[in-house]
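So you can see what is in the structure, the chains are spelled out below.
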There are 2 protein chains.
Amino acid sequence: MTAAEPERIARVALSRLGEPGDPRIAALVAEMGAVRLLEALSDERDLEGVHTDIAGRLAVNDPVGDLERAAARGIRFVVPGDSEWPGQLHDLDRAGTVHDRGGTPLGLWVRGPVALDDLGDSLAVVGSRSSTAYGEAVARGVAADVAGHGITVISGAAFGIDQAAHRGAVAGGGPTVAVLAGGVDRPYPVAHTRLLEHLAEHGAVISEVPPGSAPTRVRFLIRNRLIAALARGTLVVEAAHRSGALSTARWAERLTRTLMAVPGPVTSIQSAGPHDLVRSGAAQLVTSGAEVLELMGAAGTHLLVEPRVETRVRDVLRPREARVLDAVPVSRAASTASIARAAGLGLVGVQTALGFLARDGFVERLEDGWRLGPQGRA
Amino acid sequence: MTAAEPERIARVALSRLGEPGDPRIAALVAEMGAVRLLEALSDERDLEGVHTDIAGRLAVNDPVGDLERAAARGIRFVVPGDSEWPGQLHDLDRAGTVHDRGGTPLGLWVRGPVALDDLGDSLAVVGSRSSTAYGEAVARGVAADVAGHGITVISGAAFGIDQAAHRGAVAGGGPTVAVLAGGVDRPYPVAHTRLLEHLAEHGAVISEVPPGSAPTRVRFLIRNRLIAALARGTLVVEAAHRSGALSTARWAERLTRTLMAVPGPVTSIQSAGPHDLVRSGAAQLVTSGAEVLELMGAAGTHLLVEPRVETRVRDVLRPREARVLDAVPVSRAASTASIARAAGLGLVGVQTALGFLARDGFVERLEDGWRLGPQGRA
């Protein structure tokens, strides 16, 4: 199934009008459709409140040319209505606010064989660019583990934890996907050009900004919501207090995805972010790929264990317990000493028997002594 | 206030009859008092179910001599009824089961100036004997921090985390207390003789077994419940999977004390115990003395923050918001486009205004468009 071409073309045109993630544009598209919104915006030039540069941008917009040039380079633009569209992104419809750029993307530019609708079980692994050798080793190990179990690893292709996660997934033999802040044809950082080529060949490289777009500071933050929204769970490996990885974590939390964090030495500032996430209750602490898989698998599953009530019938009581039980008066409470006297047994032995009898409901302890419990009266 | 001497003497005698922590003895003492229980046990020699060695032990028992010899060496035996008795130990009355040695102690032998009834705010710092340099540094640092804030640090004087905690507290200028598995006059380990002398002079050395008693394996585990029960909170710094420190943690949990754990590298087996405690929800993750103090101070305090509902009156709306609000029909829902037409404003600007108006309750978003909200109808 593919979306209607006019809708796809209109979404390309709209994506050229401003920065991505605008929740107002997303809301208007959801309400009117991209084609009608584009028409309405074109008709609006004489109204108050229109961004003055919208008219100018509409004039130079060439969405059909954009799509053709992208296709020629193996880049597709996936939009709602395509069977490949990852429906989980619509959780952004409700998670965004008017204050932030959290809207559902108009579409995603994609290079690579992995289909976006296969990312429903994927794991985002994110973290600091200035990571430690410890953090990178953990990111690599966990990514290799989960990739070996068929989980796609999503990250941002940055230095540090991101690249360790991608490389770990490759080593683990699983697909891995990078979501970029710039165009999918602009390797960033340049040092990761070969890594990104590998992902474009075997996994996928994704962006919501058109090919050729530069990765700007604001686009990194906007991009983070896509990493969190595409994945079923997000793992923060290392992050200092102001790390961008924490914005991904906040999105995962807002989107009620499974949020996990790796602990580290309390003396490492790179572990301060994960520790904060665990302390606040936002993230669950994990120490291995196996624990990540457990939490990912358990998502949506409620493991309710019914308390098992052990009942014993009187027949199975030990001889001394039965003797003590017979010494407990039917009508009133009795002290341990008086029960011991009635049973002709020692205090310590009687106390032992009463403990087991109480556990199984044959007797109950009251303020003024022991009396028969539900099982004892049966 | 001091307990009656016969009661104290009877408790010493009872403590000579077997291993400490017997919940049956604790329950019988609670019910009958130590004096009457001792009499009853002495009368019981001809009854079935009496431990055969009780009679023999009663015969050689010299509780008055025990107390006199201890007093001559600066050791006191504190029992319920003494004003120094730490009442929090009675939480053990309910926490123990017939299966474990979790009973309230008959009394505590004490060397040192710290009064046991001053331990209500204390922090237990426990952990592995085979700790890492990292764990010892954290234990020392946290202990010094909390001791500097007047919190007494309780630990077990063992190698590793225990000694680091005691030394940190001394460095922080606060009192620190050791609870031993053997008699308070038997420094164990021997390498810590000087440390224990220091604690006996400036803090306290505590045990529930009489002076001269050897520290046996079972007594270490029994001792752990006292550390957890005396302190308001327990901090586990490092512990491998089978570390004895985890038994202290389980007691803290069972006694509903504040249980805290220090994270570390996931590659360190000494941090596996703390990580498990956090993962299971038993312990709260802490990374500093300040965080420990925060949790200790918050114990029993419920910090309920009422969600603050911001209400704005129509008068403070911005001109464009007021214009959009006036364009929302009173009787039915309207699309963003129709509101924009009615207001004579651009779609993007109207969407912005509707976002703010919705946040403040002036409008509400429905399936088929926007309608006035509670504030808008007011």
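Rules of the game
- Residues numbered from 1 in each chain as written.
- Chains lettered and ligands numbered in written order.
- Predicted model: local features only at pLDDT ≥ 70, side-chain atom pairs only at ≥ 80, totals over all residues.
- Heavy atoms only, no water.
- Helix = DSSP H or I, 4+ residues; strand = E, 2+ residues; numbered from the N terminus.
- Rg over C-alpha atoms; globule rule 2.2 N^0.38 Å.
- Buried < 20%, exposed > 50% of the residue type's maximum accessible area, 1.4 Å probe, protein only.
- Areas by Shrake-Rupley, 256 points an atom, 1.4 Å probe, with all protein chains shown as cover.
- Contact = heavy atoms within 4.5 Å.
- Buried area = accessible area lost by both parts, 1.4 Å probe.
- Salt bridge = Lys/Arg side-chain N within 4 Å of Asp/Glu carboxyl O.
- Least-squares fit on C-alpha atoms with pLDDT ≥ 70 in both.
- Core = buried A, V, L, I, M, F, W, Y, C linked by side-chain atoms within 4.5 Å.
- Domains from an automatic or database assignment.
- Pairing = 2+ DSSP bridges.
- Phe/Tyr/Trp six-rings, centres within 6.5 Å; stacked < 30°, edge-to-face > 60°.
- Right-handed = clockwise from strand over helix to strand, strands pointing away.
- Arc of directions from axis to C-beta.
- Axes fitted to C-alpha atoms, helices over the stretch in contact; angles between N-to-C directions.
- Parallel < 35°, antiparallel > 145°, perpendicular 65-115°, else oblique.
- Nonpolar A, V, L, I, M, F, W, Y, C, P; charged D, E, K, R; others polar.
- Polar contact = N/O pair within 3.5 Å; in protein donor to acceptor, adjacent residues only side chain to side chain.
- Lys, Arg positive; Asp, Glu negative; His and termini not counted.
- pLDDT = per-residue confidence, 0-100.

With that settled, consider the overall build of chain A. Each helix and strand counted, chain A has 17 helices and eleven strands in total. The C-alpha atoms of chain A give a radius of gyration of 31 Å, which is well past the 21 Å a tight globule of 378 residues would have. Expressed along its principal axes, the backbone C-alpha trace of chain A runs to roughly 105 × 50 × 40 Å. Taking all 378 residues of chain A together, the buried fraction comes to 57%. Only carbon and sulfur atoms are counted for the fraction: they give 52% of the accessible area of chain A, which is about 16,500 Å².

Counting residues at the interface gives 51 residues for chain A, matched by 51 residues for chain B. The junction of chain A with chain B conceals about 4,100 Å² of combined surface from both sides, 65% of it contributed by carbon and sulfur atoms. If you look at where chain A meets chain B, you find six salt bridges. Residue R279(B) is joined to E294(A) by a salt bridge in which the shortest nitrogen-to-oxygen separation is 4.0 Å.

On to the relation of the copies chain A and chain B, then. When chain A is brought onto chain B, the operation consists of a screw motion whose angular component is 180° and whose axial shift is 0.0 Å, with 0.1 Å RMSD remaining. Such values leave the two copies arranged in the relation of a two-fold axis. Within chain A, G264(A) has its C-alpha nearest the rotation axis, a separation of 2.2 Å.

This next bit is on the nonpolar core. I206(A) and I206(B) are the most contacted members of the largest nonpolar core, which totals 76 residues. Excluding residues that lie within four positions of it along the chain, I206(B) makes contacts with L108(B), W109(B), V110(B), L116(B), L119(B), V177(B), A178(B), V179(B), L180(B), V184(B) and L230(B).

With that settled, the discussion passes to the domain arrangement of chain A. Many analyses report the size of an interface as the accessible area lost when the parts associate. Taken domain by domain, chain A consists of domain 1 (69-298) and domain 2 (314-377). A C-alpha centroid distance of 63 Å is found between domain 1 of chain A and domain 2 of chain A.

Further remarks concern helix 2 (residues 23-32) of chain B. The buried fraction of helix 2 of chain B is high, at eight of ten residues. Three or more residues of helix 2 of chain B are buried, namely P23(B), R24(B), I25(B), A26(B), A27(B), L28(B), V29(B) and M32(B). The secondary structure elements touched by the buried residues of helix 2 of chain B are helix 15 (336-343), helix 16 (347-359) and strand 10 (363-366) of chain A together with helix 1 (5-15) and helix 3 (34-43) of chain B. Where helix 2 of chain B ends, the next residue or the one after it, G33(B), has phi of about 85°, a positive value.

Moving on, we get to the environment of G289(A). Of note, G289(A) is situated in helix 13 (residues 289-298). Ignoring anything within four residues of it in the chain, the contact list for G289(A) reads V142(A), D145(A) and V146(A).

Residue and element names in this part refer to chain B. With mixed pairing, nine strands are arranged side by side in an open sheet as 1-2-6-5-4-3-7-8-9. Looking at strand neighbours, the two that pair on one side only are strand 1 (76-78) and strand 9 (284-285), the edges of this open sheet. In terms of strand pairing, strand 2 (residues 108-111) meets strand 6 (residues 204-207) through three bridges, oriented antiparallel. Each residue of the ladder has a partner; that of V110, found in strand 6, is I206.

On to the packing of aromatic side chains. Residues and elements named next belong to chain B. Taken as a whole and assessed by the stated rule, the structure comprises four aromatic pairs over all chains. Relative to W109, the ring of F77 lies with its centre 4.3 Å away and its plane at 40°, an arrangement referred to as tilted. Of this pair, F77 sits in strand 1 while W109 sits in strand 2, placing them 32 residues apart in sequence. A single burial state applies to F77 and to W109, both of which are buried.

This part takes up the pairing of strand 8 (residues 258-261) of chain B. Note on strand geometry: in a regular strand, side chains alternate between the two faces of the sheet. Residue and element names in this part refer to chain B. Both faces of strand 8 are covered, namely the face carrying T258 and M260 and the face carrying L259 and A261. Here four bridges tie strand 7 (residues 233-236) to strand 8, and the two strands are oriented parallel to one another. In the sheet register, L235 faces strand 8, and the bridge partner there is M260. Handedness of the strand 7-helix 11 (residues 245-254)-strand 8 crossover: right-handed. For strand 8 and strand 9, the ladder comprises two bridges, and the chain directions are parallel. Bridge pairing links M260 to Q284 in strand 9.

Our next topic: helix 3 of chain B. Of the positions making up helix 3 of chain B, those classed as buried are A34(B), L37(B), L38(B) and L41(B). Down the axis of helix 3 of chain B, the sector holding all buried residues measures 100°, keeping them to one side.

We now examine the pattern of salt bridges. Residues and elements named next belong to chain A. Tallying each qualifying case throughout the model produces 40 salt bridges over all chains. In this structure, the salt-bridge partner of E197 is R111, at a minimum N-O distance of 3.3 Å. Separated by 86 residues along the polypeptide, E197 in helix 9 (residues 193-202) and R111 in strand 2 (residues 108-111) bring together distant segments of the chain. With relative accessibility at 33%, the residue E197 sits in the partly exposed group. Three or more residues are tied together by salt bridges with common partners; here these are R16, D62, D66 and R69.

Between two packed helices, what matters for the description is the angle formed by their axes and the separation of those axes. Their axes nearest at 9 Å, the elements helix 16 of chain A and helix 2 of chain B cross at an angle of 105°. In terms of orientation, helix 16 of chain A lies roughly perpendicular with respect to helix 2 of chain B. Side by side, helix 16 of chain A and helix 2 of chain B meet where L347(A), V348(A), Q351(A) and T352(A) of the first sit next to R24(B), I25(B), A27(B), L28(B) and M32(B) of the second. The class makeup of the residues in the contact of helix 16 of chain A with helix 2 of chain B is six nonpolar, two polar and one charged.

This part covers the side chain of T336(A). Along the chain, the position of T336(A) falls in helix 15. T336(A) gets classed as buried once you look at its relative accessible area, which sits at 0%. There is a polar contact of 2.4 Å between the side chain of T336(A) and the side chain of E31(B). Look past the residues within four positions of T336(A) in its chain and what remains in contact with it is L347(A), V350(A), Q351(A), L354(A), W370(A), L28(B) and E31(B).

Residue and element names in this part refer to chain A. Checked against the element boundaries, D162 lands in helix 8 (residues 161-171). For the buried D162, which has no salt bridge, the nearest side chain bearing the opposite charge is R223, at an N-O separation of 5.0 Å. Every residue in contact with D162, bar those within four places of it in the chain, is listed here: V125, V126, G127, S155, G156 and A157.

Turning our eyes to something else, we now look at the sheet that holds strand 6 (residues 204-207) of chain A. Hydrogen bonds between backbone groups are what pair the strands of a sheet, and the pairing can be parallel or antiparallel. Residue and element names in this part refer to chain A. Spatially, the nine strands line up as an open sheet ordered 1-2-6-5-4-3-7-8-9, and their pairing is mixed. Of all the strands in the sheet, just strand 1 (76-78) and strand 9 (284-285) have a single pairing partner and so form its edges. In the packing of helix 10 (residues 217-230) onto the sheet, the strands contacted are strand 2, strand 3 (123-126), strand 4 (153-155), strand 5 (176-179), strand 6 and strand 7 (233-236), and the crossing angle to strand 5 comes to about 150°.

Averaged over all residues, the pLDDT of chain A equals 88, while 91% of them reach at least 70. Predicted confidence for residues 298-311 of chain A stays below pLDDT 50, and this span has three contacts to residues more than four positions away or in other chains.

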